[in-house]
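# Observations on chain architecture
These are the residues of each chain, in order.
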Amino acid sequence: MMPDGTALNAARRTADLTALAERPVVDVVVIGGGITGAGIALDAATRGLRTVLVEKHDLAFGTSRWSSKLVHGGLRYLATGNVGIARRSAIERGILMTRNAPHLVRAMPQLVPLLGSMPRRDRALVRTGFLAGDALRRLAGTPAAVLPRSRRISYDEAIGLAPTVRRDGLDGGLLAYDGQLIDDARLVAAVARTAAQHGARILTYVAASHATGESVRLTDQVSGQSFDVAARAVINAAGVWAADLDPALRLRPSRGTHLVFDAAAFGNPTAALTVPIPGELNRFVFAMPEQLGRVYLGLTDEEAPGPIPDVPQPTSTEIAFLLDTVNTALETALSVADVRGSYAGLRPLIDTGEGRTADVSRNHAVVESDSGVLSVIGGKLTEYRHMAEDVLDRAVRLRGLSAAPCRTRDLPLVGAPGNPGVSESPARALPESLVARFGAEAANVVATATCARPEEPVTEGIDVIRAEFEYAVSHEGALTVEDIVDRRTRIGLVPADRERGIEAAREFVATTR
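In this report, the structure presented in the accompanying data block is examined. (Residues numbered from 1 in each chain as written. Predicted model: local features only at pLDDT ≥ 70, side-chain atom pairs only at ≥ 80, totals over all residues. Heavy atoms only, no water.)

## So, the nonpolar core
Generally speaking, nonpolar side chains in soluble globular proteins are found buried as a group. If you look at the biggest cluster of nonpolar residues, it comprises 51 residues, and the most contacted ones within it are I40, L187 and I202. Sorting the residues of this core by element identifies β1 (25-31), α2 (35-46), α4 (83-100), α7 (184-197), β10 (226-236), β18 (374-378) and α10 (384-399) as the ones contributing at least two each. By residue number, the principal contributor to this core is α7, which donates eight residues. Among all residues touching I202, those that are not within four sequence positions of it are L8, D16, A41, L53, L59, A192, A195 and A196. Ranked by size, the runner-up nonpolar core spans 29 residues in total, among them L434, A442, V473 and V481. (Core = buried A, V, L, I, M, F, W, Y, C linked by side-chain atoms within 4.5 Å. Buried < 20%, exposed > 50% of the residue type's maximum accessible area, 1.4 Å probe, protein only. Helix = DSSP H or I, 4+ residues; strand = E, 2+ residues; numbered from the N terminus. Contact = heavy atoms within 4.5 Å.)

See below:
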């Protein structure tokens with residue numbers, strides 16, 4: 001049975017808030033509950049520091065739930081000459097796939113179809129790039145058994161992997177592999193729960209203001225209560241909202257849009273159809289098979305100036321671009337009528353003042369404000385652990401914190417084999433979809449359920465069971481209906497499914513009040 005230390009829920013939140021208000025002195029306050037903030041909280045807690053993470057909404061409310069669900073190996077950055085970030089990305093991908101979260105990150109085959117419209121020069125460039133990716137994998141020490149080598153495949157193999165690919169002029173394909181997350185928001189929850197397992201206080205729906213290097217005011221969004229917390233270090237990991245805490249920061253948000261389809265629209269593919277963007281050397285559109293019987297089609301990279309919305313929206317231009325690009329590789333064109341849902345996220349890029357956002361470096365930076373707040377800006381999901389280690393090393397050095405060295409490189413997250421919270425092997429087989437989302441704690445999801453009909457789907461045709469909704473509330477910190485359907489599960493990506501599943505979510509939220 002999993003120790004209670006991993007469970008995030010309303011009762012624990014109340015107890016942690018009360019204890020913090022009574023003794024408001026800690027070593028580290030982390031502001032922001034996305035992947036970067038959760039990673040920093042985990043790193044700090046495992047170094048023995050008294051750690052609090054605060055998020056004004058829910059875990060993974062912002063950019064961290066709107067990604068392509070890919071753990072990139074850095075090949076694109078190698079193509080642009082950024083060897084450092086390419087190497088780090090490959091190393092961090094390997095750490096996630098072999099040690100931190102092998103239950104959440106798996107090898108995803110990526111098929112580039114060799115169509116008659118693809119010039120020989122472009123074919124050679126893609127093949128060279130894939131070979132360079134293989135070299136990066138070897139350099140990072142990731143076994144081929146975890147991430148297979150790239151290879152040329154036949155016409156029949158290409159059709160088998162991506163049944164709707166254009167047949168006319170098809171000369172087989174090039175196949176490579178990258179890391180794919182079952183879900184980015186689930187990774188955030190796993191990192192946050194592992195931080196809690198090591199003593200961090202994870203407080204959602206708590207807003208931070210008046211931040212300095214030594215204190216921050218916290219406001220409980222539920223009760224309205226405010227109080228000040230003294231800290232040895234205050235770290236701003238608010239992503240695209242980081243400048244709200246430090247207006248001196250210069251960010252250049254870039255919007256990335258995805259479309260959601262029924263997998264049947266792509267013939268239920270088993271590889272990501274990877275389509276070169278015309279006129280670009282190292283950019284592609286991906287049609288990626290995903291959980292819940294979906295395919296996500298992305299990705300755009302568009303300038304997004306102006307106020308930062310809580311929930312960014314795709315534009316009609318981006319939707320048309322994605323459809324037009326993927327249709328160049330399809331036997332039968334898809335249209336807007338085939339789109340079941342869509343989403344957009346904002347990349348928190350560092351403003352260099354030059355070029356397209358697609359060409360802006362994905363490097364991160366740690367910046368100390370005049371008030372003493374340490375902000376981490378830029379970066380990418382794949383490197384969240386490295387970014388956390390970097391900012392914590394800086395905080396320890398600048399603030400003279402007494403802390404152990406970083407431990408996260410070899411630390412299994414909740415749900416990974418080797419985590420102390422792993423349940424014993426189940427006495428019977430569990431649904432494949434449940435294991436894919438929860439890994440080694442899948443048995444615990446069912447074993448701890450107290451609801452009626454725990455293994456029944458929350459609604460017809462969706463492979464999420466009622467026990468998962470209950471677990472979201474009892475163990476994963478979900479406080480609202482939206483937390484359950486939009487982040488702990490991804491039912492909400494398809495509006496029609498969201499409408500069908502929301503009543504069950506209301507049932508479980510009601511039991512916590």
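From this point, the discussion proceeds with the structure in view.
## Topic: empty space enclosed by the protein
Counted by the stated rule, this structure contains six cavities of 30 Å³ or more. Size it by volume and the largest cavity reaches roughly 100 Å³. Taken together, L8, N9, A10, R12, R13, D16, L59, I202, T204, E476, G477 and L479 make up the full set of residues lining the largest cavity. The biggest single contributor to the lining of the largest cavity is helix α1 (residues 10-22), with four residues. Here the lining of the largest cavity is built from residues that sort into five nonpolar, three polar and four charged. (1 Å grid on protein atoms, 1.4 Å probe; cavity = no way out; pocket = protein on both sides within 12 Å on 5 of 7 lines; lining within 4 Å. Points joined across faces, edges and corners; volume = space filled by probe spheres on them. Nonpolar A, V, L, I, M, F, W, Y, C, P; charged D, E, K, R; others polar.)

## Some words on helix α14 (residues 481-488)
Most of α14 is tucked away, with seven of its eight residues classed as buried. Listed in full, the buried residues belonging to α14 are V481, D483, I484, V485, D486, R487 and R488. Turning to α14, the residues buried within the fold contact α7, α13 (466-474) and α15 (495-510).

## A look at the environment of A231
Summarising the element assignment, A231 is placed in strand β10. Relative accessible area serves as the criterion here: at 9%, A231 is assigned to the buried category. Sequence separation between A231 and G213 is 18 residues; the distance between their C-alpha atoms is 7.6 Å. Once residues lying within four places of it in the same chain are set aside, the contact partners of A231 are V26, D27, V29, G213, E214 and S215.

## Details of the packing of α14 against α15
Where α14 meets α15, the closest approach of the two axes is 8 Å, and the angle between their N-to-C directions is 130°. Judged by the inter-axis angle, α14 sits oblique to α15. In this structure, α14 crosses over α15, and the sense of that crossing is right-handed. Within the contact between the two elements, α14 uses V481, E482, I484, V485 and D486 and α15 uses R498, G501, I502, A505, R506 and V509. Residues that form the contact of α14 with α15 fall into these classes: six nonpolar, one polar and four charged. (Axes fitted to C-alpha atoms, helices over the stretch in contact; angles between N-to-C directions. Parallel < 35°, antiparallel > 145°, perpendicular 65-115°, else oblique. Left-handed = near helix turned anticlockwise from the far one by under 90°.)

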